[in-house]
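For reference, the chains in residue letters:
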Amino acid sequence: MARRRALLTNRERELIAETEKSDRRYQAVSRVRRKISEELTEDVELLAEHHPDLLDELRDVVCDE
């Protein structure tokens, strides 16, 4: 069974976890930044308007101390 993803693809996880700096690692970081600033923002806005309970669940996971 294939693993499902949330924010990072499996490859982005591999590249970001690498200790050696590379162009591919830098590109992965840039893609994730874009996802956070654009796509995740839209998702949060949609959840806030249409399903606040799911937004609360997301916050519980992301904002866990």
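Look up a bit, the structure's there.
A. Region of the structure containing the side chain of R25. For R25, the location among the structural elements is in helix α2 (residues 23-50). There is no salt bridge for the buried R25, and the closest opposite charge comes from E18, which lies 5.9 Å off by N-O distance. One polar contact links the side chain of R25 to the main-chain carbonyl oxygen of I16, over a distance of 3.4 Å. Discounting residues that sit within four places of it in the chain, R25 has contacts with L15, I16, E18 and E20.

B. Representation of the packing of helix α1 (residues 10-17) against α2 in the model. Put simply, α1 and α2 touch, their axes get as near as 8 Å, and they point 125° apart. With respect to their mutual orientation, α1 and α2 come out oblique. Where α1 crosses over α2, the handedness of that crossing is left-handed. Contact residues: α1 offers R11, E12, L15 and I16, while α2 offers R24, R25, A28, V29, R31, V32 and K35.

Conventions adopted
- Residues numbered from 1 in each chain as written.
- Predicted model: local features only at pLDDT ≥ 70, side-chain atom pairs only at ≥ 80, totals over all residues.
- Heavy atoms only, no water.
- Helix = DSSP H or I, 4+ residues; strand = E, 2+ residues; numbered from the N terminus.
- Buried < 20%, exposed > 50% of the residue type's maximum accessible area, 1.4 Å probe, protein only.
- Lys, Arg positive; Asp, Glu negative; His and termini not counted.
- Salt bridge = Lys/Arg side-chain N within 4 Å of Asp/Glu carboxyl O.
- Polar contact = N/O pair within 3.5 Å; in protein donor to acceptor, adjacent residues only side chain to side chain.
- Contact = heavy atoms within 4.5 Å.
- Axes fitted to C-alpha atoms, helices over the stretch in contact; angles between N-to-C directions.
- Parallel < 35°, antiparallel > 145°, perpendicular 65-115°, else oblique.
- Left-handed = near helix turned anticlockwise from the far one by under 90°.

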